[in-house]
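One letter stands for each residue in the lines below.
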Amino acid sequence: MSNKPVQAAIEGWFTLDTDTPHLIGACCEQCGTYYFPKTLSFCKNPACDSTTFNEVELSRQGKIWSYTNACYKPPEPFVAEEPFVPYAIAAVELEKEQMIILGQVVKGVGVDQLKVGQTAELVLEALHEDDEAVKVTWKWQPIAQGESA
Amino acid sequence: MSQDIAVLGVGMHPWGKWGRNFSEYGVYAAREALKDAGIPWQDVQFVSGAATMRCGYPGYVAGATIAQALGWHGAEVNTSYAACASGSQALAAARAKILAGECEVALVVGADTTPKGFLAPAKGHRPEDPDWLRFYLGITNPTYFALYARRRMDLYGDTEADFGLVKIKNSENGFTNPNARYKKKFTMEEILNSAMVADPLRLLQICATSDGGAAMIVSSMDYAKRIGKANAVKVAAVSTVTPTFASAVVEMPDIATDSAAAAGVEAHSFRAALPKKAYEQAGIGPEDVSLAEVYDLSSALELDWYEDLMLCPRGEAAQMVREGATKLGGRLPVNTSGGLACFGEAVPAQAIAQVCELTWQLRGQAGERQIENAKVGITANQGLFGHGSSVILKK
């Protein structure tokens, strides 16, 4: 790992707490709908005309809804390692929020180690580095059954 | 009052990677459609173009660009953009204009020139744009198709070989289609040995991007009667309905679904909602459908559409392919044109190309691809953020 400072790849989307990071979402004060990325302007529930939201930390664990991987280097603005190393991607369903959130799976875990319905937990890991900093993002880390909190 | 409009003529420029200006393909297709309709260009009162975002301003105002290239003659113009559903929205605009009595004859046209490789987002540092953002995080178009394919495997027991059967079928259908780009009959071995792109989807199960152009001449039923074409194929429905909040399926280019945490909210995907509205408009049901053209952005996605179009119960689409029901000669052929598997996607032209194929099939002019006794055809495609379109044609 480099000694560069750690920065969020996308400002304001998640906490930088290394042990228990959270995605930062919003919850409508009126109807209780959650949003990620956070919406603080107008509620998208057609039955709700609220404009007031609370910023909330979303659940750190969910169940894998589906998964895949990227075997080829995506186009810019993705910043790829050279040589490109394929990575897995998971769509994880959060129970309380009743929503699915996509993200890369941590390095070193391939699709053969993933299952639909498996529990996954949010962690922070490097997305790429630039001259000044290591840019981190949220990733999903599958956890073995029984290990979940 | 009848909600039908007549399809007087259809035409296409063959799909490929020709590298020419998109408007050339549009003009070529439009002239073919005019020839097919047997009417002069000057009789067209409304030009409804489907836009392309890859060819600069001429592409953003494609209706005007193609009208100018065909020769200005004072027709009214419109341009629609809805990503892959642009062509149907252009048709919807023409249909509304005709049914409102504001014009009698319209040209609907879409054409594209595409770059190599993955479709990429607009340039610049734009984290507020979900499309930019998901590419930055490493999530490309095939990611979404692969997530849906994996769900099918997990929920319904579909296999990679089932997805392979879809590709084999489409490659056989497109083999004799003069407008198709890829004319090769693939074997299961070739498909399952092609490079993995987004597990479980391989290179030969994901659609490419192509250059191409498609056009149709549509008119009021009165006009069709006046020129002796009362028996023309008719557009019976154009559905462009959106999903119902909270959408429960993560749709390109979003990074997350809506939250369904608010009480009393039931999710409906746009894929299931689209054909329902189309059937309702046309006053016919899935049991009346003779053939379908659906968006096989991946071979697995074609199976989702069978179920959304209610051609079989949820979870049973793979069985239809295994039985050969959706092949040429089967009880309900799907993607007789060869689909995106043989065309590759020319975004603004694709939804129009689907309607061209249905028109040829309903007229009995589909050559070696012709199916027997075609009476009703339905199309389905998808744009971005979970919307799309569905068109029904009838004899």
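Only a predicted model underlies this, so the values are computations on that prediction, with no experimental measurement involved. As a convention, each chain's residues are numbered from 1 in the sequence order in which they are written. The naming scheme follows written order: chains are lettered A onward, ligands numbered 1 onward. Two thresholds apply to this predicted model, a pLDDT of at least 70 for residue-level local features and 80 or more for giving and counting side-chain atom pairs, whereas whole-chain, interface and lining totals are computed over all residues.

## Some words on the nonpolar core
Here's step 1: Definition of nonpolar core: a set of buried Ala, Val, Leu, Ile, Met, Phe, Trp, Tyr and Cys residues joined via C-beta atoms within 7 Å. Remark: C-beta atoms are placed from the backbone, and a residue is labelled buried if 20 or more other C-beta atoms sit within 10 Å of its own, exposed if 12 or fewer do, or partly exposed between those counts. A90 of chain A together with V108, M216, V218 and I352 of chain B are the most contacted members of the largest nonpolar core, which has 170 residues in total.
Here's step 2: Helix and strand assignments come from DSSP, with helices taken as H or I runs of at least 4 residues and strands as E runs of at least 2, each series counted from the N terminus. Counting residues per element, this core draws most heavily on helix α14 (residues 347–363) of chain B, at 10 residues.
Here's step 3: For every residue pair, C-beta atoms are placed from the backbone, and the pair is scored as a contact if these atoms sit within 7 Å. Apart from residues no more than four positions distant in its own chain, M216 of chain B is found in contact with V7, G9, V10, A33, V108, I352, V355 and C356 of chain B.

## Points about the pairing of strand β1 (residues 5–16) of chain B
A regular strand carries its side chains on alternate faces of the sheet.
All names here are of chain B.
Here's step 1: In terms of burial, β1 is a largely internal element, 10 of the 12 residues being buried.
Here's step 2: Direction of pairing for β1 relative to strand β7 (residues 211–219): antiparallel, over a ladder of 8 bridges. Residue pairing across strands places G9 opposite I217, the latter belonging to β7. Here a strand pair is declared whenever DSSP counts at least two bridges between the two strands.

## Section: helix α3 (residues 62–70) of chain B
Residue and element names in this part refer to chain B.
Here's step 1: A62, G63, T65, I66, A67 and L70 are the residues of α3 that are buried.
Here's step 2: Buried residues along α3 sit in contact with α1 (22–37), β2 (46–50), α2 (56–60), β3 (76–80), β4 (105–112) and α14.
Here's step 3: Looking one or two residues past α3, G71 carries a phi angle of roughly 110°, positive in sign.

## Structural notes on the UniProt feature "domain: Thiolase C-terminal" (unreviewed entry) in chain B
Here's step 1: UniProt positions are given in the numbering used here, feature names are shortened, and annotations may be inferred rather than shown by experiment. With numbering aligned to this structure, UniProt lists the feature "domain: Thiolase C-terminal" (unreviewed entry) at residues 276–392 of chain B.
Here's step 2: The span residues 276–392 of chain B shows a helical share of 39% and a strand share of 14%, and its end C-alpha atoms are spaced 11 Å apart.

## A look at the UniProt feature "domain: Beta-ketoacyl synthase-like N-terminal" (unreviewed entry) in chain B
Here's step 1: UniProt annotation of "domain: Beta-ketoacyl synthase-like N-terminal" (unreviewed entry) refers to residues 61–116 of chain B when read in the numbering used here.
Here's step 2: Each end of residues 61–116 of chain B is marked by a C-alpha atom, and these two atoms are 23 Å apart; helix forms 41% of the span and strand 23%.

## Examining the interface of chain B and chain A
Here's step 1: With 33 residues of chain B at the contact, the number on the chain A side is 35 residues.
Here's step 2: For the side of chain B that touches chain A, the secondary-structure elements that each account for two or more residues are α5 (130–136), α6 (141–156) and β5 (196–198) of chain B.
Here's step 3: At 6 residues, α6 of chain B tops the list of elements feeding residues into the side of chain B that touches chain A.
Here's step 4: When residue character is reported, Ala, Val, Leu, Ile, Met, Phe, Trp, Tyr, Cys and Pro are called nonpolar, Asp, Glu, Lys and Arg charged, and the others, Gly included, polar. Along the lines of polarity and charge, the residues of the side of chain B that touches chain A split into 22 nonpolar, 6 polar and 5 charged.

## Examining the sheet that holds strand β4 (residues 53–57) of chain A
Residues and elements named next belong to chain A.
Here's step 1: Sheet architecture is open: 3 strands sit in the order β3-β2-β4, paired in antiparallel fashion. One side of each edge strand has no neighbouring strand; the edge strands of this open sheet are β3 (34–35) and β4.
Here's step 2: Taken together, the 2 bridges between strand β2 (residues 24–28) and β3 define a ladder with antiparallel strand orientation. Within β3, the position partnered with C27 by the bridge is Y34.

## A few points about the sheet that holds β3 of chain B
Working definition: the strands of a sheet are paired by backbone hydrogen bonds and lie parallel or antiparallel to each other.
All names here are of chain B.
Here's step 1: Judged by pairing direction, the sheet is mixed, and its 9 strands sit side by side in the order β3-β2-β4-β7-β1-β8-β11-β10-β9 without closing on themselves. Sheet topology places β3 and β9 (291–294) at the edges, where each strand pairs with a single neighbour. Put simply, the sheet's adjacent strands are angled 25° from each other on average, direction ignored.
Here's step 2: Sheet topology note: the β2/β4 ladder contains 5 bridges and is parallel. When the sheet's bridge partners are listed, V47 is paired in β4 with L107. Simply put, an axis is a line fit to the C-alpha atoms, just over the touching stretch for a helix, and the angle between two N-to-C directions goes from 0 to 180 degrees.

## Here's the deal with helix α10 (residues 270–282) of chain B
Residues and elements named next belong to chain B.
Here's step 1: For α10, spanning 13 residues, the distance from its first C-alpha to its last is 18 Å, which sits close to the expected 18 Å at 1.5 Å a residue.
Here's step 2: If you check which residues of α10 are buried, you get F270, R271, A273, L274, P275, A278, Y279 and A282.
Here's step 3: Where the residues of α10 are buried, they touch β8 (233–239), α11 (299–308), β10 (376–382) and β11 (388–394).
Here's step 4: Downstream of α10 by a residue or two, G283 has a phi angle that is positive, lying close to 70°. By this rule, a helix spans an expected 1.5 Å times one less than how many residues it contains.

## Considerations on the pairing of β7 of chain B
Residue and element names in this part refer to chain B.
Here's step 1: When you tally the buried positions in β7, you get 9 out of 9 residues, the bulk of the element.
Here's step 2: Neither face of β7 is exposed, since D211, G213, A215, I217 and S219 on one face and G212, A214, M216 and V218 on the opposite face are all buried.
Here's step 3: Here β4 pairs with β7 via 8 bridges, running antiparallel. Bridge pairing in β7 places D112 opposite G212.

## Focus: the environment of L23 of chain A
All names here are of chain A.
Here's step 1: Along the chain, L23 falls in the loop between β1 (6–8) and β2.
Here's step 2: Looking at L23, the number of C-beta atoms within 10 Å reads 22, which means it is buried.
Here's step 3: Distance in space between the C-alpha atoms of L23 and T68 is 21 Å, their sequence separation being 45 residues.
Here's step 4: Contacts of L23, omitting those with residues within four sequence positions, involve W13, F14, F36, L58, I101, L122 and W138.

## Regarding the UniProt feature "domain: ChsH2 C-terminal OB-fold" (unreviewed entry) in chain A
Here's step 1: The sites that UniProt annotates as "domain: ChsH2 C-terminal OB-fold" (unreviewed entry) are residues 55–124 of chain A.
Here's step 2: Along residues 55–124 of chain A one finds 0% helix and 49% strand; the C-alpha atoms at either end are 20 Å apart.

## As for the packing of helix α4 (residues 86–99) of chain B against α14 of chain B
Two quantities define a packed helix pair, namely the angle between the axes and the distance from one axis to the other.
All names here are of chain B.
Here's step 1: The N-to-C vectors of α4 and α14 enclose an angle of 65°; their axes lie 6 Å apart at closest approach. Across from S86, G87, S88 and L91 in α4, the residues of α14 making contact are V347, P348, A349, Q350, A351, I352 and V355.
Here's step 2: Split by residue class, the contact of α4 with α14 holds 7 nonpolar, 4 polar and no charged.

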